Amino acid sequence: MEFDNVLAFIAQTQPPALEIRINFGIFAGREATPAEIDELAKTLLPKVGGEVSIVREERHELSEHTEVSLQQVRVEVDADHVPADDVPRAELAGRLLELAERWAETCIANRHVEVGA
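The rules we used
- Residues numbered from 1 in each chain as written.
- Predicted model: local features only at pLDDT ≥ 70, side-chain atom pairs only at ≥ 80, totals over all residues.
- Heavy atoms only, no water.
- Pairing = 2+ DSSP bridges.
- Helix = DSSP H or I, 4+ residues; strand = E, 2+ residues; numbered from the N terminus.
- Axes fitted to C-alpha atoms, helices over the stretch in contact; angles between N-to-C directions.
- Contact = heavy atoms within 4.5 Å.
- Salt bridge = Lys/Arg side-chain N within 4 Å of Asp/Glu carboxyl O.
- Buried < 20%, exposed > 50% of the residue type's maximum accessible area, 1.4 Å probe, protein only.

1. Focus on the sheet that holds strand β1 (residues 18-22)
The strands making up a sheet associate through hydrogen bonds between their backbones, and the pairing can be parallel or antiparallel.
Then step 1. The strand order across the open sheet formed by three strands is β1-β3-β2, and the pairing between neighbours is antiparallel. Of all the strands in the sheet, the pair left with one neighbour each is β1 and β2 (53-62). In this sheet, adjacent strand axes meet at a mean angle of 30 degrees when their direction is disregarded.
Then step 2. Pairing of β2 with strand β3 (residues 67-77), which is carried by ten bridges, proceeds in the antiparallel orientation. In the sheet register, arginine 59 faces β3, and the bridge partner there is leucine 70.
Then step 3. Here helix α3 (residues 86-110) sits on the sheet in contact with β1 and β3, set at roughly 20 degrees to β1.

Pasting the structure below:
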């Protein structure tokens, strides 16, 4: 199926082997910029040793009684680049989490918007 010409489709993908979610908007009061996403990629790629997927998203979680909207950054690493053994996998996850947190803290310190402003 040619997806370039399809407006909507069902994605049948395997979940990433490792996923990190960054609650960017809650702390920054804004969404991450494309340049900031590029910086995150430059930081993570040497540690992953392969590919990383970074998604900047606005999530809406809805029910009959509540509505929540948040800006989030999601980092996904495929199984090809994640060790199968628990200890090396946990070490990689810890390193990536630390780098993601440091990246977010730097972005927030450089440009923060007060929520409600």
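2. Some thoughts on the pattern of salt bridges
Then step 1. One pass over the full model with this rule turns up nine salt bridges.
Then step 2. The salt bridge involving glutamate 61 is made with arginine 59; its shortest N-O contact spans 3.3 Å.
Then step 3. With a closest N to O distance of 2.5 Å, glutamate 98 and arginine 102 form a salt bridge. With glutamate 98 and arginine 102 both in helix α3 and four residues apart, the pair spans about one turn of that helix.
Then step 4. Overall, glutamate 98 belongs to the partly exposed group, its relative accessible area being 44%.
Then step 5. By sharing partners, the salt bridges in this structure join Glu57, Arg59, Glu61, Arg74 and Glu76 into a single network.

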